[in-house]
Amino acid sequence: MLTYEEARQRILDRLSPLGVERIPLDAAAGRTLAGEVRAPGDLPPWDNSAMDGYAVRSEDCRGEAVLAIAGYQTAGGPDAAAVPPGGAVRIMTGAPIPQKCDAVVPFEDAEERDGSVRVRVPVHPRRHIRFRGEDVRAGERIIPEGTILRPPEISLLASFGRAMIPVYRKPRVAVLSTGDELVELGETAGAGKIVNSNSHALASAIVEAGGEPVLLGIARDEREDLRTKLSEGLAADVLVTSAGVSAGDRDLVRDVLAELGVENVFWKVLVKPGGPTAFGVAGRKPVFSLPGNPVSSLITFEVFVRPALRRMAGSTDPVKIPVKAALAEPVKKNAGKTQFLRVRIESGEEGYVARTAGDQNSGILRTLVLADGIAVLPLERTDFAAGEKVDVLLLYGR
Ligand code: AMP
Ligand code: MG
């Protein structure tokens, strides 16, 4: 049986980014840039004022000086004429520096009266000017291939006038829940029946991971229905199923996937919860069979499916970076499996503190609702002291 890390690596080894599409800049936040971007010009494009004040020739202002106001330069207004010796231009932040000027005196260091300005402080050349190209130089690589586009990257791309951006396509992820006990959301769950909550939980997790869910509903625990719906799912970029992969009499998902030509890469991982997770490929198409238990399906999605979707969406580092957190209390576990402990995160004097979010039984969904993250407790370890630092994967934007 594979360890958590081995299983995740087996998955990532099979995957590569999907194709590229060009989309409007305003739709690009959170998407992954396909290809690097080089600066088509300098930023700022010309020398401009960093303050509201007066553009001056610094040589005129070695001591206290009185300068004649020779013009007015607003941001976006017409260019003021070159400034003669002994002159100054009233200038606004962002406006181009008039010719012959080499510094700006802010309003607070000057006093304007009757068409002249008195400068009370010595002025150093280059003061309060933002120079052409000091932020970005033409031709420089400004955003590397595989970057997740965040508001700062959007800002940079917009400032260079880029309206359309090449990004990796979002993976379309088919979700199929299986089980004779399930009814759809909106239907009444009669005796022995429960609502199919996993499809909805997984769909929202897919959106969070940057994919596009395609809900295929419920397949009953019988071969014919499974065959029809699983083959439908194989038309998407990724297929995720829930339940029917344990050792029960009616756990037929893996059987039927094999009949449909899905090559089994692994079944069962040394993790808790989520042990029965299976992964296979239909050609290059990944198929994840997650356990049915709502807690297990979301946790195995987080640790196995999410990195896969990030990779397919073009991310160069698809595995979430854990944070270190000190355990608030001692924790015991059995050796032989990596345990995913649902924890709440608090801020302590030496950084994060992780406190158990409640009953860790995989039947208790409330504990996941209360959790900010999952602490990853290594396979071989058994006893953790209070204060010991462990890796925590923060969940859902925490
Ligand atoms: P199984 O993997 O089929 O043994 O299912 C494990 C547990 O998860 C059982 O208690 C199922 O009733 C429950 N379960 C399976 N599928 C779903 C689902 N789609 N939504 C909510 N609970 C489910
Ligand atoms: Mg079942």
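For the structure itself, look to the data block above.
This section reports on the structure supplied with the text. (Residues numbered from 1 in each chain as written. Chains lettered and ligands numbered in written order. Predicted model: local features only at pLDDT ≥ 70, side-chain atom pairs only at ≥ 80, totals over all residues. Heavy atoms only, no water.)

What follows covers the side chain of Thr277. Looking at where Thr277 falls in the secondary structure, it is placed in the loop between strand S19 (271-272) and strand S20 (278-282). Excluding residues within four positions of it along the chain, Thr277 makes contact with Phe266, Trp267, Lys268, Val269, Ser289, Leu290, Pro291, Thr300 and Phe304. (Helix = DSSP H or I, 4+ residues; strand = E, 2+ residues; numbered from the N terminus. Contact = heavy atoms within 4.5 Å.)

Next up on the list: the packing of aromatic side chains. Scanning the model with the defined rule gives six aromatic pairs in all. Ring plane angle 40° and centroid distance 5.7 Å describe the contact between Phe266 and Phe279, whose orientation is recorded as tilted. Of this pair, Phe266 sits in strand S18 (residues 263-267) while Phe279 sits in strand S20; the two residues are 13 residues apart in sequence, bridging distant segments of the chain. One aromatic cluster is present, built from ring pairs that chain together Tyr4, Phe266, Phe279, Phe288, Phe304 and Phe340. Over the aromatic face of Tyr4 sits the side chain of Arg8, whose NZ or CZ is 5.0 Å from the ring centroid. One cation-aromatic arrangement involves Lys268 over Trp267; the distance from NZ or CZ to the ring centre is 4.4 Å. (Phe/Tyr/Trp six-rings, centres within 6.5 Å; stacked < 30°, edge-to-face > 60°. Lys NZ or Arg CZ within 6 Å of the ring centre and 35° of its normal.)

With that settled, the discussion passes to the state of the cysteines. Here a disulfide denotes one covalent bond, and it connects the sulfur atoms of two cysteines. A complete count under the given rule lists zero disulfides for this structure. Summary of cysteine pairing: Cys61 is not part of a disulfide, and the nearest cysteine sulfur, belonging to Cys101, is at 9.5 Å. Classification of Cys101 as buried rests on a relative accessible area of 11%. (Disulfide = S-S within 2.5 Å. Buried < 20%, exposed > 50% of the residue type's maximum accessible area, 1.4 Å probe, protein only.)

Next up on the list: the packing of helix H3 (residues 198-208) against helix H6 (residues 294-312). Contact geometry for H3 and H6: axes closest at 10 Å, N-to-C directions at 30°. In terms of their interaxial angle, H3 and H6 are classed as roughly parallel. The crossing of H3 and H6 is right-handed. Here Asn198, Ala201, Leu202, Ala205, Ile206 and Glu208 of H3 lie close against H6, whose contacting residues are Pro294, Ser297, Leu298, Phe301, Arg306 and Leu309. (Axes fitted to C-alpha atoms, helices over the stretch in contact; angles between N-to-C directions. Parallel < 35°, antiparallel > 145°, perpendicular 65-115°, else oblique. Left-handed = near helix turned anticlockwise from the far one by under 90°.)

Glancing now at the sheet that holds strand S5 (residues 65-73). If you walk across this open sheet you meet the six strands as S7-S4-S6-S5-S9-S8, and the pairing is mixed. Of all strands in the sheet, those with a lone pairing partner are strand S7 (103-106) and strand S8 (110-113), marking the two edges. Shown here is a sheet whose adjacent strand axes are inclined to one another by a mean of 40°, direction ignored. Pairing between S5 and strand S9 (residues 116-119): four bridges, direction antiparallel. When the bridges of S9 are listed, Val66 appears paired with Arg118. (Pairing = 2+ DSSP bridges.)

With that settled, the discussion passes to the sheet that holds S20. The strand order S16-S13-S17-S21-S20-S18 describes an open sheet built from six strands, whose pairing is mixed. Two strands in the sheet have a free side with no partner beyond their single neighbour: strand S16 (212-219) and S18. Looking at each pair of strands side by side, their axes are set apart by 20° on average, direction ignored. Against the sheet, helix H4 (residues 223-233) contacts strand S13 (172-178), S16 and strand S17 (238-242), and its axis sits at roughly 175° relative to S16. Against the sheet, H6 touches S13, S17 and strand S21 (285-290), its axis set at about 170° to S21.

Moving on, we come to the site of ligand 1. Lining the immediate environment of ligand 1, one finds 16 residues, of which Glu181, Asn196, Ser197, Gly292 and Asn293 sit closest. At a separation of 2.9 Å, a nitrogen atom of ligand 1 approaches a polar side-chain atom of Asn196. Contacts to ligand 1 include Asn198, whose backbone N or O atom sits 3.3 Å from a nitrogen atom. Within the complex, 73% of the 490 Å² of free accessible area of ligand 1 lies under protein. If you list the elements that add at least two residues to the shell around ligand 1, you get S13 and strand S15 (194-195). A per-class count over the shell around ligand 1 returns five nonpolar, 10 polar and one charged. (Near = heavy atom within 4 Å. Polar contact = N/O pair within 3.5 Å; in protein donor to acceptor, adjacent residues only side chain to side chain. Areas by Shrake-Rupley, 256 points an atom, 1.4 Å probe, with all protein chains shown as cover. Nonpolar A, V, L, I, M, F, W, Y, C, P; charged D, E, K, R; others polar.)

Another point: H6. Approximately 45° is the largest bend angle found in H6, and it occurs at Glu302. Along H6, 17 of the 19 residues are buried, which leaves the element largely enclosed by surrounding structure. (Bend = angle between axes of the 7 residues up to and from the residue.)

Turning to the packing of helix H1 (residues 4-13) against H6, a few remarks are in order. Two numbers describe how H1 lies on H6: the axes approach to 10 Å, and their chain directions differ by 30°. With respect to their mutual orientation, H1 and H6 come out roughly parallel. Considering how the two elements wind past one another, H1 and H6 form a crossing that is right-handed. Between H1 and H6, the residues in contact are Tyr4, Ala7, Arg8, Ile11 and Leu12 and Val303, Phe304, Pro307, Ala308 and Arg311, respectively. When grouped by side-chain class, the residues that make up the contact of H1 with H6 number eight nonpolar, no polar and two charged.

So far we have only geometry, and geometry alone does not tell us how the molecule works.
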